[in-house]
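In case you want the letters, here they are:
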Amino acid sequence: MTAHHTSPPPPGRDTTIVLDLGPAPHDDPALEVHGPLDGDRLEAALDQVAVHHPDAPAPPHRIDRHGPVRHTLRLFAGAPGAAFPWGLLADLLTHPAPGTRAVRSVPPTTLQRELLADADAHPGRHVERLTWAWHGRLDLDRFRASWQSVVDRESVLRAAFGDGSEPLLLLHDDVDADVLWLPQGTVGWPDLVEHDLRRGLDPRLPPGLRVTVLGGGSAGRGGDTPSRVLLTYHHALLDDFSARLLVREFYRAYLAGGRLPGGERRPDIRDYVRWLHRQDTAPARDYWSHAAPRADAVSPVPLTAAPGPTTGRTEVRLDAALTERLTAWAAHWGSTESGVLQTLWAVLLYRASGAEGPARVRFGVAVSGRGITLEGAERLPAPLRAPLPLSVEVDPRSTVATLLAEVRDRILDMAAYEWVSPGQIRDWSASSASVSSAAEPSPSVSSPSVSSAAGPSAADSSPSVPPVPVPSASAPSASALPDGSLLVFEGGPRTVDDLTAELAAQGVRVGRPEPLGARTAFPVTLVTRRDDDGGLVLTASHDRSPYADATKALTDSASLLTEVPYLAADSTTVADLLRLLSTAPDVPVPAAAGPSHAPVPEAPAELPLVPLREATGPGAGTVCLVQTHGLPRARYERLAETYRGPESVVLLRTTASGGHAVPGVPHDTGPPLVLAAFSGGGTAACEIARRIATDGGRPPLVVLTGATTDDAAFARTLESVAARAGHPR
């Protein structure tokens, strides 16, 4: 079911808002609007507040008009003002989405909720980047128009999550494509990528995709230096297959002069959500309650000691000839390249566990989610890919053919239920375990020490959330225990193969998009993909933790992939494979040296509060600028230079996820205090105001304006508000 809300176009001039939450207990809030305000616009904003916060009160209101461009909005007496999301209302009134006419909402999928929750808890996770080279002339106007055409066609790119504990997926009718062009030489490519990494991408703000181009345009029409394209997206909205689909759509639009023929794509994310809701979960529940890994399955983290600091990313390549031989060998034994890699990874984990004799190992495997019965799913841009738990028994005495067959059969069995999420599997297996433990005493289970180093706080690279541990007293199942690694075999669409000639006719040659690696809660992720020459590229990634890396696990995987095509799988045992590897034992990685809660910083961390301007005298007070996610610091520095009041000016920086480090604000600033932000920062500013007032004090005034407001005009408004801050109503 979808909700529909209409809204008028944005006003023709900038609007500034001053919000006074009133004295404790904040039961008399007032919102001053400096700029045009009509009833339709206000009602549309309140409708959108209701979509974002369905549980918030929808209070009656009145507007006191003091002139054509000055109004005061108040709640009727007795309305629960403190509970109302005033900051969001201020954001919507100062900067509604350009051209927005409607916002529809659908419930997100279970996988989306899990990804969003993990991203909120661990800023920076689940943001992926694709990059490729563009050789030849790049028409910037057509480039931008082509991406805009893709955004117009794909509803998922106009989607964003609402706020609240149960956020809805909001689908906007009109959203501008986010395309940034930087002339060649303005910044180095590594610095650009690092800046994009630190910036992150907020899945609560459309569009769900950002495009950055270095070079091209008039500066790139001559010479041999190619342009570089960086595509950034969030796995809660798009999986990697989807991103490659969208790149292909972009090329089609570019070849057509900047516009895709036809209307909006169907099926889209709304159709997929409806399809999911129609599924009977009973068969999937029954399957996963029995197929989920048992508690005795080990999942070691395949990291080894390194002689020095590591980068967190290692890559090896198999050439096309070796890859072709591997493909033929896998087919001969009834498997695939991915099946062979999964089998060999199980052998490597068995070795890392130190087991003697038969033992079960477990790890995550990413499934495409596109083998479902929804017509058109194979061409649907959406977050369908999910990591599912795989567990197999590794017996050194068994043949490689036997292990290959077991892995193949388990993958085929789970294919019928690849639309479920890790959290659902966790709940179903835990419920089954509780029933079993109630019927008979639980067996004594000891958690492997190697696996314990792979707690869910460690992170790296692909699309999802490993299951959350449950109390050990309730489980012969291990699906709720953290997996130490995830395997991803990318089989996305051929992005430009059949468009190469058409692009060449226009003087354009492009490379294959390559992923830079997304951080997730898996300690180690191994991603395998094809390169332009038909070879295999294996990339292992993990958090940048000193003196530990996945190089040995990756090189051992490549070594086995190179050797097995020359072996007879029906007579070669697992023990034979182990003997092919180096006899030197792995150096275990102690827990302290394993993947850390956050990457090791490459530069000193900046303080949350950044002084921009000193006060001209003691006790003058402070204007605290709350940084809006995506706006550069230079904008706030210019505002501080323009400010002429006696107060000091400080900047409260955003975190990588767009949040704010709030602790310390009320103590480091001294009254009177004014909080100010550009549109998009209203919710954060109001939350800070409420926190400051938790001890019974009066919340500071909050001032919000649009991002296009002139610095001098905004500075004058802040000077006026700061002057009255010491004389509250």
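S.K.: Please explain the overall build of the protein as it appears in this structure.
M.R.: Broken down by element type, the protein carries 20 helices and 27 strands. Counting across all 729 residues of the protein, residues that qualify as buried make up 54%. Within the protein, contacts between residues separated by at least 24 positions form 81% of all contacts whose residues are at least 6 apart in sequence. When the accessible surface of the protein is summed, it comes to about 29800 Å², and 54% of that surface belongs to carbon and sulfur atoms.

S.K.: Mind showing me how you'd approach helix 6 (residues 240–255) here?
M.R.: Over its 16 residues, helix 6 extends 23 Å from the first C-alpha to the last, a length consistent with the 22 Å expected when each residue adds 1.5 Å. Counted residue by residue, helix 6 has 15 buried out of 16 residues, so it is predominantly covered. Of the residues flanking the end of helix 6, it is G257, one or two places downstream, whose phi is positive at about 90°.

S.K.: Got a minute to help me understand the pairing of strand 7 (residues 127–136) in this structure?
M.R.: Remember that side chains alternate between the two faces of the sheet whenever the strand is regular. With eight of 10 residues buried, strand 7 lies mostly within the body of the structure. Summarising the sheet, strand 7 and strand 12 (residues 227–234) pair through eight bridges and their orientation is antiparallel. Note on strand 12: the bridge partner recorded for E128 is Y233. With three bridges joining them, strand 7 and strand 18 (residues 508–510) adopt antiparallel strand pairing. When the bridges of strand 18 are listed, H135 appears paired with R509.

S.K.: What's the story with the sheet that holds strand 20 (residues 524–530) in this structure? I'm lost.
M.R.: Sheet strands associate in pairs through backbone hydrogen bonding, adopting either a parallel or an antiparallel arrangement. Pairing is mixed in the open sheet, where six strands are placed in the order 14-21-20-17-15-16. Looking along the sheet, the strands with just one partner apiece sit at the ends: strand 14 (313–318) and strand 16 (386–394). Taking each pair of neighbouring strands and ignoring which way they run, the sheet shows an average axis angle of 25°. Here two bridges tie strand 15 (residues 359–367) to strand 17 (residues 485–489), and the two strands are oriented parallel to one another. Counterpart to V365 in the pairing with strand 17 is L487. Along the sheet, helix 11 (residues 400–415) makes contact with strand 15 and strand 16, crossing strand 16 at roughly 150°.

S.K.: I tried to follow the confidence of the model for the protein on my own but got confused; where do I start?
M.R.: Per-residue pLDDT for the protein averages 78, and the proportion of residues at 70 or more is 75%. Every residue in residues 1–12 scores below 50 in pLDDT, and together they form 35 contacts with partners more than four places removed in sequence or on other chains. In the predicted structure, residues 583–606 sits below a pLDDT of 50 and forms 35 contacts with residues beyond four places in sequence or in another chain.

S.K.: How should I be thinking about the pairing of strand 26 (residues 673–678) in this particular structure?
M.R.: Across the six residues of strand 26, six count as buried, placing the element largely inside the fold. On strand 26, burial covers both faces: L673, L675 and A677 on one face and V674, A676 and F678 on the other are all buried. As defined by bridge partners, strand 24 (residues 622–626) adjoins strand 26 across four bridges and the pair is classed as parallel. Each residue of the ladder has a partner; that of L625, found in strand 26, is A676. Two strands pair when backbone bridges link them, and strand 26 and strand 27 (residues 701–705) are joined in this way by five bridges, in the parallel orientation. Bridge assignment links A677 to a residue of strand 27, and that residue is L704.

S.K.: I tried to follow the side chain of T343 on my own but got confused; where do I start?
M.R.: Here T343 lies in helix 10 (residues 337–353). Among the residues examined, T343 registers a relative accessible area of 2% and is labelled buried. For T343, the side chain forms a polar contact with the main-chain oxygen of G339, separated by 2.8 Å. Residues in contact with T343, not counting those within four places in the same chain, are L403, L404 and V407.

S.K.: Quick question: what am I supposed to make of the packing of aromatic side chains here?
M.R.: Remark: the centre distance and the inter-plane angle together describe each pair of aromatic rings, the angle taken between the planes. All told, the structure shown has 14 aromatic pairs when counted by the stated rule. Considering the side-chain rings of F250 and Y251, the 5.3 Å spacing of their centres and the 50° angle between planes classify their relative orientation as tilted. Judged by relative accessible area, which is 0%, F250 ranks as buried. Looking at Y251, the relative accessible area reads 0%, which means it is buried.

S.K.: What should I look at first to understand the nonpolar core in this one?
M.R.: Within soluble globular proteins, side chains that are nonpolar generally end up buried alongside one another. Counting 80 residues, the largest nonpolar core has Y272, W288, V340, W419 and V420 as the members making the most contacts within it. If you tally residues by element for this core, the top one is helix 10, at nine residues. Not counting the four nearest positions on each side in its chain, V340 is found in contact with L326, W329, A330, S335, L404, L561 and V564.

S.K.: Even after reading the chapter, I still don't get the packing of helix 2 (residues 86–94) against helix 19 (residues 682–692), so can you show me in this structure?
M.R.: When two helices pack together, their arrangement is given by the angle between the helix axes and by the axis-to-axis distance. Between helix 2 and helix 19, the least distance of the axes is 7 Å, while the angle of their chain directions is 150°. One finds that helix 2 runs roughly antiparallel with respect to helix 19. Both helix 2 and helix 19 take part in a crossing whose hand is right-handed. Along the contact surface, helix 2 presents W86, G87, L88 and D91, while helix 19 presents G682, T683, C686 and R690.

S.K.: Explain the environment of D20 here, please?
M.R.: In this fold, D20 is placed in strand 2 (residues 16–20). What makes D20 buried here is its relative accessible area of 4%. Sequence separation between D20 and P700 is 680 residues; the distance between their C-alpha atoms is 7.3 Å.

S.K.: How should I be thinking about the pattern of salt bridges in this particular structure?
M.R.: When the charged atoms of two side chains lie near each other, side chains of opposite charge can form a pair. Across all of its chains, the model carries 39 salt bridges by this definition. Across the salt bridge formed by R530 and E337, the nearest N and O atoms sit 2.5 Å from each other. Here R530, found in strand 20, pairs with E337, found in helix 10; they are 193 residues apart in sequence, far enough to count as distant. You can call R530 partly exposed: its relative accessible area is 32%. We classify E337 as buried; its relative accessible area is 10%. Note that D556 and K552 form a salt bridge whose closest N and O atoms lie 3.5 Å from each other. Of this pair, D556 and K552 both sit in helix 15 (residues 551–563), four residues apart, which is roughly one turn of the helix.

Definitions and limits used
- Sequence order sets the numbering: in each chain, residues are counted from 1 along the sequence as written.
- Per-residue local features of the predicted model are confined to residues with pLDDT of at least 70, and side-chain atom pairs are confined, for both listing and counting, to 80 or more; whole-chain, interface and lining totals are unaffected and use all residues.
- The basis for the side-chain values is all heavy atoms of the structure; hydrogens and waters are excluded.
- In this text, helices come from DSSP runs of H or I with a minimum length of four residues, and strands from runs of E with a minimum of two, each type numbered from the N-terminal end.
- Throughout, exposure labels follow a simple rule: accessible area from a 1.4 Å probe, protein chains only, divided by the maximum for the residue type, with under 20% read as buried, over 50% as exposed, and the rest as partly exposed.
- Only heavy atoms enter the contact rule, under which two residues are in contact if any of them lie within 4.5 Å.
- Surface exposure here means Shrake-Rupley accessible area, sampled with a 1.4 Å probe, where a residue is shielded only by the protein chains that are shown.
- By definition here, a helix of n residues has an expected span of 1.5 Å times n minus one.
- For two strands to count as paired, DSSP must find a minimum of two bridges between them.
- Interaxial angles span 0 to 180 degrees and are taken between N-to-C directions of axes, which are lines fitted to C-alpha atoms, for helices over the stretch in contact.
- pLDDT measures how confident the predictor is about each residue, on a scale from 0 to 100.
- Contacts described as polar in this section are N or O atom pairs within 3.5 Å, which, within protein, must combine one atom able to donate a hydrogen with one able to accept it, while residues neighboring in sequence count only if both atoms come from side chains.
- Any Phe, Tyr or Trp ring, taking Trp's six-membered ring, that has another such ring centre within 6.5 Å forms a pair; planes under 30 degrees apart are called stacked, those over 60 apart edge-to-face, and the others tilted.
- Nonpolar cores were defined as sets of buried Ala, Val, Leu, Ile, Met, Phe, Trp, Tyr and Cys residues, with membership established by side-chain atoms within 4.5 Å.
- Here the angle decides the label: under 35 degrees means roughly parallel, over 145 means roughly antiparallel, 65 to 115 means roughly perpendicular, and every other value means oblique.
- Crossing chirality is assigned from the near helix's rotation relative to the far helix, an anticlockwise turn below a right angle marking it left-handed and a clockwise turn marking it right-handed.
- Think of a salt bridge as a Lys or Arg side-chain nitrogen and an Asp or Glu carboxyl oxygen that are within 4 Å of each other.

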